[in-house]
Amino acid sequence: MVREGVPHLPGVIRAQTELAPRAADGSRSDAAVAPSYTAPASCAGWYARGGKRALDIGLGLLLLAMLLPLVAVIALAVLIVGGPPVFYASERAGQGGSRFLMWKFRTMAADADAQYETWKQTHPARAAELSTHWKLHRDPRVTVLGRILRKSSLDELPQFWNVLRGEMSLVGPRPYLPRETMDPAMAEAIRAVRPGLTGPFQVRGRKGLSPTSRMQIEAAYGAQMSLLGDLGYVLRTVQPLLKLDGR
């Protein structure tokens, strides 16, 4: 039983729909077993071994060169409106569970991290949202300019640096915060590949996906990873950006 429009991919997400044993009259209960998950086999083939990294470097450099003027304008705007720092680094879980700093344009108040630490004491319910969700609904720490950058996803442009460094890929699961709670089986599948600047989460729903559905489609990515598939994700990312469908 795959929910919320998430496709069933054999070998990655195994949805068990075994019904309860037959009763004496031959009927069955409608209760289904909850879905279980198996991590994908290690990605094989030329693309996984080196082609994907070559695409990250080649296409990443090309896109970054095209976007440099926009990057400069946004950096100046952040500096003028909110002062330094222009960039913000957030620790994320990478391939194999390794940790790295993911870069963004700063969209929150300069003391946002300190505010969160205070919230854990004064607003425990709101702070708890961040332990299971990738964002806080109507986060008051976000600045006016930050809301615009988030809506357009332009705050994520500095992540091209992470791609060129090999910490991220152009396409893959979104990087998870270390504090986010994940199903162990799905976490193994998600962390088998580099996290991506774009990927299933951005293309298939963004805000409309629950945390569980997000993990399901991202756990499936590694088993079907291909050159054409990744190029398709890059092209399909344009539509959500134009719709201002960011966070």
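Residues numbered from 1 in each chain as written. Predicted model: local features only at pLDDT ≥ 70, side-chain atom pairs only at ≥ 80, totals over all residues. Heavy atoms only, no water.

Would you mind showing me how to read helix H2 (residues 112-122) here?
For an α-helix, the turn length of 3.6 residues means that residues three or four places apart are oriented alike. Among the residues making up H2, those that are buried are Ala 112, Tyr 116 and Trp 119. Take H2 and look down its axis: the buried residues cluster within an arc of 55°, on one side only. (Buried < 20%, exposed > 50% of the residue type's maximum accessible area, 1.4 Å probe, protein only. Helix = DSSP H or I, 4+ residues; strand = E, 2+ residues; numbered from the N terminus. Arc of directions from axis to C-beta.)

Explain the pattern of salt bridges to me, please; I cannot follow it from the model alone.
Working definition: two side chains of opposite charge can pair if their charged atoms are close together. For the structure shown, the criterion picks out five salt bridges. The shortest N-O distance in the salt bridge between Asp 230 and Lys 52 comes to 2.6 Å. Of the two residues, Asp 230 sits in helix H9 (residues 227-236) while Lys 52 sits in helix H1 (residues 46-82), which places them 178 residues apart along the sequence. Note on Asp 230: relative accessible area 2%, which makes it buried. (Salt bridge = Lys/Arg side-chain N within 4 Å of Asp/Glu carboxyl O.)

Sorry, what's going on with the packing of aromatic side chains here?
Within a pair of aromatic rings, the relevant descriptors are the distance that separates the centres and the angle that separates the planes. Considering all chains together, one arrives at three aromatic pairs under this definition. Ring geometry for Phe 87 versus Phe 105: centroids 5.3 Å apart, planes at 20°, classification stacked. With Phe 87 in strand S3 (residues 87-93) and Phe 105 in strand S4 (residues 99-105), this residue pair connects regions lying 18 residues apart in the sequence. Taking the relative accessible area as the measure of exposure, Phe 87 reaches 38% and is therefore partly exposed. What makes Phe 105 buried here is its relative accessible area of 1%. (Phe/Tyr/Trp six-rings, centres within 6.5 Å; stacked < 30°, edge-to-face > 60°.)

How should I be thinking about helix H8 (residues 211-221) in this particular structure?
Counting buried residues in H8 gives nine out of eleven residues, a clear majority hidden from the surface. Restricting attention to buried positions, one finds in H8 the residues Ser 213, Arg 214, Met 215, Gln 216, Ile 217, Glu 218, Ala 219, Ala 220 and Tyr 221.

Could you clarify how one ought to interpret a nonpolar patch on the surface in this entry?
A surface patch of nonpolar side chains, about 420 Å² in accessible area, is lined by Trp 46, Leu 227, Leu 228 and Leu 231. With three residues, H9 is the single largest residue contributor to the nonpolar patch. By the element assignment, Leu 228 lies in helix H9. (Patch = residues over 30% accessible without salt bridge, like charges linked within 9 Å, V, L, I, M, F, W, Y side chains within 5 Å. Areas by Shrake-Rupley, 256 points an atom, 1.4 Å probe, with all protein chains shown as cover.)

Would you take a moment to explain the side chain of Thr 107 for this structure?
Along the polypeptide, Thr 107 turns up in the loop between S4 and H2. Overall, Thr 107 belongs to the buried group, its relative accessible area being 7%.

What is the right way to look at unusual backbone geometry in this model?
Residue Pro 84 is joined to Pro 85 through a cis peptide bond whose omega torsion reads 0°. You can see Pro 85 is positioned in the loop between H1 and S3. Residues other than glycine seldom take positive phi values, yet Ser 153 does so here, at roughly 65°. With respect to the helices, strands and loops of the structure, Ser 153 is situated in the loop between helix H4 (144-152) and helix H5 (159-165). Under the relative-accessibility criterion, Ser 153 is labelled buried at 8%.

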